[in-house]
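Examination of the molecular architecture
What follows is the residue order along each chain.
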Amino acid sequence: MQDNIKAKVRAYIVDNFIMGGNADHLKDADSFMETHVVDSTGFLELVSFIEETYGFAVTDDEMVPENLDSLDNIDAYVRRKLVPA
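**Describing the nonpolar core**
- In terms of nonpolar packing, the biggest core is built from 24 residues, with Val9, Ile13, Phe32, Leu46, Ile50, Ile74 and Val78 touching the most fellow members.
- Where this core is concerned, the elements lending two or more residues are helix H1 (5–18), helix H2 (40–54) and helix H4 (71–82).
- Top contributing element to this core by residue count: H1, with seven residues.
- Those residues in contact with Phe32 that lie beyond four places of it in its chain are Ile13, Leu26, Val37, Val38, Phe43, Leu46, Leu68, Asp69, Ser70, Leu71 and Ile74.

Here's what the structure looks like:
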């Protein structure tokens, strides 16, 4: 399940925010906010997608750019959350 986190999230972002546009410019480390790919409402949709896809709740204190503002950040965050306790 952890092998294709970036690919799944990238596909979701392309389908829902870039809407079939050219996503080639979106690099794994690019900030969604700085590149204007995702706005504040979009982040809530992205959080819902992550919760539904990976089966855990994103708490309010985890909704920070360090966790959710790039494909690299989301990949690292989801991997941390999926590590067995």
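**Quick look at the pattern of salt bridges**
- Tallied over the entire structure, the rule returns five salt bridges.
- The shortest N-O distance in the salt bridge between Lys81 and Glu62 comes to 3.0 Å. Here Glu62 lies in the loop between H2 and helix H3 (65–68) and Lys81 lies in helix H4, a separation of 19 residues in the sequence.
- Judged by relative accessible area, Lys81 falls into the partly exposed class, the value being 30%.
- Overall, Glu62 belongs to the buried group, its relative accessible area being 16%.

**Thoughts on the side chain of Glu62**
- Within the structure, Glu62 has its side chain in polar contact with the side chain of Tyr77 (distance 2.8 Å).
- Beyond its immediate stretch of four places on either side in the chain, Glu62 contacts Ala57, Asn67, Leu68, Tyr77 and Lys81.

**Notes on the packing of H1 against H4**
- Axis separation between H1 and H4 bottoms out at 9 Å; the angle between their running directions is 130 degrees. Compared by their axis directions, H1 and H4 come out oblique. Our pair here, H1 against H4, has a crossing hand that is right-handed. Note on element contacts: H4 touches H1 through Leu71, Asp72, Ile74, Asp75, Val78 and Arg79, opposite Ile5, Lys6, Val9, Arg10 and Ile13.

**Observations regarding H1**
- Counted at 1.5 Å a residue, the expected span for H1 with its 14 residues is 20 Å, and the 18 Å between its end C-alpha atoms agrees.
- All buried positions along H1 are accounted for by Ile5, Val9, Tyr12, Ile13, Val14, Phe17 and Ile18.
- If you follow the buried residues of H1, they end up packed against H2 and H4.
- Met19 sits one or two residues past H1 and shows a positive phi near 50 degrees.

Conventions we followed
- Residue positions are given per chain, counted from 1 along the sequence in the order it is written.
- Only residues with pLDDT of at least 70 are given local features in this predicted model, and only at 80 or more are side-chain atom pairs given and counted; all residues enter the totals for whole chains, interfaces and linings.
- Side-chain figures throughout are based on the complete set of non-hydrogen atoms in the structure, without hydrogens or water.
- As used here, the term nonpolar core means buried Ala, Val, Leu, Ile, Met, Phe, Trp, Tyr and Cys residues forming a set that is joined through side-chain atoms within 4.5 Å.
- A 1.4 Å probe rolled over the protein chains alone gives each residue an accessible area, and that area as a share of the maximum for its type sets the label: buried under 20%, exposed over 50%, partly exposed in between.
- Numbering of helices and strands runs from the N terminus; a helix is a DSSP stretch of H or I covering at least four residues, while a strand is a stretch of E covering at least two.
- The contact definition used throughout considers only heavy atoms, calling two residues in contact when any of these lie within 4.5 Å.
- For this document, the term salt bridge refers to a Lys or Arg side-chain nitrogen within 4 Å of an Asp or Glu carboxyl oxygen.
- Residues adjacent in sequence count toward polar contacts only when both atoms are side-chain atoms; beyond that, a polar contact is any pair of N or O atoms within 3.5 Å, and within protein one must be able to donate a hydrogen and the other to accept it.
- Note on method: axes are straight lines fitted to C-alpha atoms, helices fitted across the in-contact stretch only, with angles between N-to-C directions ranging 0 to 180 degrees.
- Between 65 and 115 degrees an angle is taken as roughly perpendicular, under 35 as roughly parallel, over 145 as roughly antiparallel, and anywhere else as oblique.
- Should the near helix be turned anticlockwise from the far one by less than a right angle, the crossing is left-handed, and should it be turned clockwise, the crossing is right-handed.
- To estimate the expected span of a helix, count its residues, drop one, and scale the result by 1.5 Å.

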